[in-house]
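Coordinates in review
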Amino acid sequence: MGKTTRNLFVDELKQTPVEEQKLEIVERKGKGHPDYICDAIMDRVSVALCSEYLKRFGTILHHNVDKSLLVAGEAEIRFGGGRVLKPMLLVFGDRATFEFQGEVIPLEEIVVKAAKDWFRENMRFVDPEEHVKYQVELKPGSPSLVDIFKREKIGANDTSAAVGYAPMSKTEMVVLEVEKFINSPEFKKEFPETGEDVKVMGLRLCDRLELTIALAFVDRFVENEAAYFRAKEAVLERVEEFVKDKFDFSEVKVNINVLDRPGRGLEGVYLTVLGTSADSGDSGQVGRGNRVNGVIPLNRPMCSEAAAGKNPVSHVGKIYNVLTHQMARSIYEQVPGLREVYVWLLSQIGKPVDEPLVAASQVILEPGTKLKEVEGQIKDVMEAELDSIKDLIWKLARGEIPIC
């Protein structure tokens, strides 16, 4: 059997690397943010379906559960502890295989259990039985897409493009690490009054960094307005200390809950009952959260596909989203003389996922490096990544690669 012939393209990108641009804006939505909740749960659902299909039939069947809405509930917020008046509503949408070889699969039971498990593991104050209602709107897949799974070599179930890059910039890393720090077990032990709903917006102007953080506080830990502002000041100092210790910006400014206004009581502070704004304020949706590398990088090219919940076997909206970043990292780490790498993958529906319509790499070269000196090495790395795509697919199916 001959080697697969692929359409590989390598080009020099003549632009200033993001790290050297004077303006950079990066966002991250933390694990209690309603959009993050939707992404994380729907991907957990996909992993649960993969596991169930494999256990029953020895293969992963057609599904795409990448449509979801978390409808905000209603809560009475009070200093010292409020209460939930109306639960959140989590709607599961899109397509899945309900029956195969005469056997009916208990879809609703599987997807609701996956969601409840995620809430238990990630949200300290959300009772998945009491605080969330579930509405399963999954439907059988279209015949043409289901048929792709029956073919000898499974092809892409969409014509779709993805783009990834390497390395991550210092600003991207600080935004990512700050949210993870605030949501770490150690931080929650030190500041139990901080909820999981965290959004970090980073602005870099030249070498000056300003972070604007929205951080939900949990009302049961906050006695009154004065206690809230004392706690917020302590958190702010701790986050500033973390950033200055780990990152070398010339100037760092951290802002937390800038809408707060002393003297306005509950109207002037950011409190929640459950640690997420979804308990009474904001709804969430799949695809509005972080890219697969954990941030929303406004200076970078981005694709419109949501990776969360898509099946990991044939849906390139998931596979290529992850693979482009992985491939870019491998090129950057293995090929000398590169300052920045962008990788583009474009599928063609029905064509094998390891044979994209085009696999393109655009590179910003170090001074003195010529494209012809590194082009062959770059193509070798791209070939190797595409050759090992099955390993990536299985890791995605087992939930071993985070996608938000």
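Residues numbered from 1 in each chain as written. Predicted model: local features only at pLDDT ≥ 70, side-chain atom pairs only at ≥ 80, totals over all residues. Heavy atoms only, no water.

Focus on the overall build of the chain
Tallying secondary structure elements over the chain gives nine helices and 18 strands in all. In terms of C-alpha radius of gyration, the chain reaches 23 Å, essentially the compact-globule figure of 22 Å for 404 residues. Across its three principal axes, the chain shows a C-alpha extent of roughly 75 × 65 × 25 Å. With 404 residues in all, the chain has 54% of them scored as buried. A sequence separation of at least 24 residues applies to 76% of the contacts in the chain between residues at least 6 apart. On the chain, roughly 17900 Å² of surface is accessible, and the fraction owed to carbon and sulfur atoms is 49%. (Helix = DSSP H or I, 4+ residues; strand = E, 2+ residues; numbered from the N terminus. Rg over C-alpha atoms; globule rule 2.2 N^0.38 Å. Buried < 20%, exposed > 50% of the residue type's maximum accessible area, 1.4 Å probe, protein only. Contact = heavy atoms within 4.5 Å. Areas by Shrake-Rupley, 256 points an atom, 1.4 Å probe, with all protein chains shown as cover.)

Here's the deal with the pairing of strand E2 (residues 23-29)
Judged by how many residues are buried, E2 sits mostly within the fold: five of seven residues are covered. In terms of strand pairing, E2 meets strand E11 (residues 194-205) through seven bridges, oriented antiparallel. Bridging from a neighbouring strand, valine 26 pairs with glycine 202 of E11. In this structure, E2 lies alongside strand E16 (residues 296-297), joined through two bridges in antiparallel fashion. Bridge pairing links valine 26 to proline 297 in E16. (Pairing = 2+ DSSP bridges.)

Section: the state of the cysteines
According to the stated counting rule, one finds zero disulfides in the structure shown. Sulfur of cysteine 303: no disulfide; nearest cysteine sulfur belongs to cysteine 404 and is 15 Å away. On the basis of relative accessible area, cysteine 303 is assigned to the buried category, the value being 17%. For the unlinked cysteine cysteine 404, the closest cysteine sulfur is that of cysteine 38, found at 11 Å. Taking relative accessible area as the criterion, cysteine 404 reaches 12% and is therefore assigned buried. (Disulfide = S-S within 2.5 Å.)

Digging into the environment of phenylalanine 217
Looking at the element boundaries, phenylalanine 217 is found in strand E12 (residues 208-218). On the basis of relative accessible area, phenylalanine 217 is assigned to the buried category, the value being 0%. Each C-alpha atom, one on phenylalanine 217 and one on lysine 67, is 29 Å from the other, the two residues being 150 residues apart in sequence. Excluding residues within four positions of it along the chain, phenylalanine 217 makes contact with Glu193, Thr194, Gly195, Tyr228, Ala231, Lys232, Val235, Asn257, Tyr270, Leu271 and Thr272.

Re the pairing of strand E3 (residues 63-71)
Sheet topology note: the E3/strand E6 (residues 88-96) ladder contains seven bridges and is antiparallel. Each residue of the ladder has a partner; that of histidine 63, found in E6, is alanine 96. Pairing geometry for E3 and strand E15 (residues 284-285), over two bridges, is antiparallel. Considered in E15, the bridge of leucine 69 is made with glutamine 285.

Some words on the layout of surface pockets
For the largest pocket, the calculated volume is near 800 Å³. Tallying contributions element by element places helix H7 (residues 316-334) first for the lining of the largest pocket, with six residues. Looking at the lining of the largest pocket, its residues break down into 16 nonpolar, seven polar and eight charged. (1 Å grid on protein atoms, 1.4 Å probe; cavity = no way out; pocket = protein on both sides within 12 Å on 5 of 7 lines; lining within 4 Å. Points joined across faces, edges and corners; volume = space filled by probe spheres on them. Nonpolar A, V, L, I, M, F, W, Y, C, P; charged D, E, K, R; others polar.)

Focus: unusual backbone geometry
Excluding glycine, a negative phi dihedral is what most residues carry, and trans is how most peptide bonds are arranged. With omega at -5 degrees, the peptide bond leading from alanine 166 into proline 167 counts as cis. You can see proline 167 is positioned in the loop between strand E10 (161-166) and helix H4 (170-182). Residues other than glycine seldom take positive phi values, yet asparagine 257 does so here, at roughly 50 degrees. Among the structural elements, asparagine 257 can be located in the loop between strand E13 (251-256) and strand E14 (271-272).

Remarks on the pattern of salt bridges
Within the structure shown, the criterion is met by 36 salt bridges. Of the charged contacts in the structure, one is a salt bridge between arginine 83 and glutamate 76, with a shortest N-O distance of 2.7 Å. We note a salt bridge from arginine 120 to glutamate 129, for which the minimum N-O separation is 2.9 Å. Classification of arginine 120 by relative accessible area gives partly exposed; the value is 47%. If you follow the salt bridges from partner to partner, you end up with Asp66, Lys67, Asp94, Glu305 and Lys310 in one network. (Salt bridge = Lys/Arg side-chain N within 4 Å of Asp/Glu carboxyl O.)

Quick word on the nonpolar core
In a soluble, globular protein the nonpolar side chains are often hidden away together inside. With 82 residues, the main nonpolar core has Ile41, Leu90, Phe92, Phe119, Ile331, Leu338 and Ile378 as its most contacted residues. When residues in this core are grouped by element, the largest group, 11 residues, is from helix H1 (residues 34-57). Apart from the residues within four sequence positions on either side, leucine 338 is in contact with Ile331, Tyr332, Val363, Ile364, Leu365, Glu366, Val374 and Ile378. Within the second largest apolar cluster, 38 residues are counted, among which are Leu13, Ile213, Leu215 and Phe249. (Core = buried A, V, L, I, M, F, W, Y, C linked by side-chain atoms within 4.5 Å.)

Points about H4
In this model, H4 (13 residues) spans 18 Å end to end at C-alpha, consistent with the 18 Å of a helix rising 1.5 Å per residue. Here H4 has its buried residues at Thr171, Glu172, Val174, Val175, Leu176, Val178, Glu179, Phe181 and Ile182. (Expected span 1.5 Å × (residues − 1).)

Focus: the sheet that holds E15
Judged by pairing direction, the sheet is mixed, and its four strands sit side by side in the order E9-E6-E3-E15 without closing on themselves. This sheet does not close on itself; its edge strands, each paired only once, are strand E9 (132-139) and E15. With eight bridges joining them, E6 and E9 adopt parallel strand pairing. Residue pairing in the sheet places leucine 90 in a bridge with tyrosine 134 of E9. The strands touched by H1 are E3, E6 and E15; relative to E3, the strand with the most contacts, the crossing angle is about 145 degrees. Here helix H2 (residues 107-122) sits on the sheet in contact with E6 and E9, set at roughly 140 degrees to E9. (Axes fitted to C-alpha atoms, helices over the stretch in contact; angles between N-to-C directions.)

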